[in-house]
Amino acid sequence: MNEEVKYSIVELLARTGVIRTECNRICGDNPNIEDLEQEITIILLEYDADKIVAMNKSGKLINFIRTVIKRQYKSENSPFYTTYKKHCRYEIEGEWDRLLTNTNKEESNEVF
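Below is a summary of the structure that appears in this document. From a predicted model like this one, the values you see are computed outputs, not experimental measurements.

## Comments concerning the nonpolar core
Leu36, Ile40, Leu44 and Leu61 are the most contacted members of the largest nonpolar core, which has 20 residues in total. Look past the residues within four positions of Leu36 in its chain and what remains in contact with it is Cys23, Cys27, Ile69, Gln72, Tyr73 and Phe80.

Now the structure itself:
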C-alpha cells in the first residue's frame, strides 16, 4: 500500500515541478539541472516507502529533498557529481588551460 502512495507522491512532485524548482533554487543555472532532477527522482523512488509517506504527512519531505539535492550536487562522492559535474569541471579546466596557452603564445608574438 505505502509503495503505491510513495509512487503517487513522487510522481506528483515531479509533474508539478517541485523537484525542478528545488534543484534550481539550490544549483542555479547549472546546465545539468535536468539530470540532477532525474537523479533526485530516482533516489526518491528507491527510498523506503514508509519513510517517504511519513515525511510527506509530517511536512518534512521538501526539506528532505533539499538535503538530498545539496548532497548530490556538492559531494564529490555522489552519483550526480561523478557522472556529470566532475567531467564538466575537467572540461572547463582543460579549456581554460588551452585558452591561457594560446593567449601566452599570441602575446609573445606581438610586435611593439
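Having seen the structure, we can now continue with the description.
## Quick notes on the side chain of Gln72
On the secondary structure map, Gln72 appears in helix α5 (residues 61-74). Overall, Gln72 belongs to the buried group, its relative accessible area being 10%. Within the structure, Gln72 has its side chain in polar contact with the backbone nitrogen of Phe80 (distance 3.3 Å).

## Some details on the packing of aromatic side chains
One pair of aromatic rings is described through two measures. These are the centre distance and the angle between the planes. According to the stated counting rule, one finds two aromatic pairs in the structure shown. Ring geometry for Tyr47 and Phe64: centres 4.9 Å apart, planes at 50°, overall tilted. Of the two residues, Tyr47 sits in the loop between α3 (33-46) and α4 (49-58) while Phe64 sits in helix α5, which places them 17 residues apart along the sequence. Tyr47 sits in the partly exposed class, given a relative accessible area of 29%.

Here is what the cut-offs are and how they apply
Residues numbered from 1 in each chain as written. Predicted model: local features only at pLDDT ≥ 70, side-chain atom pairs only at ≥ 80, totals over all residues. Heavy atoms only, no water. Core = buried A, V, L, I, M, F, W, Y, C linked by side-chain atoms within 4.5 Å. Buried < 20%, exposed > 50% of the residue type's maximum accessible area, 1.4 Å probe, protein only. Contact = heavy atoms within 4.5 Å. Helix = DSSP H or I, 4+ residues; strand = E, 2+ residues; numbered from the N terminus. Polar contact = N/O pair within 3.5 Å; in protein donor to acceptor, adjacent residues only side chain to side chain. Phe/Tyr/Trp six-rings, centres within 6.5 Å; stacked < 30°, edge-to-face > 60°.

Spatial relationships are all this shows, so hold off on functional conclusions.
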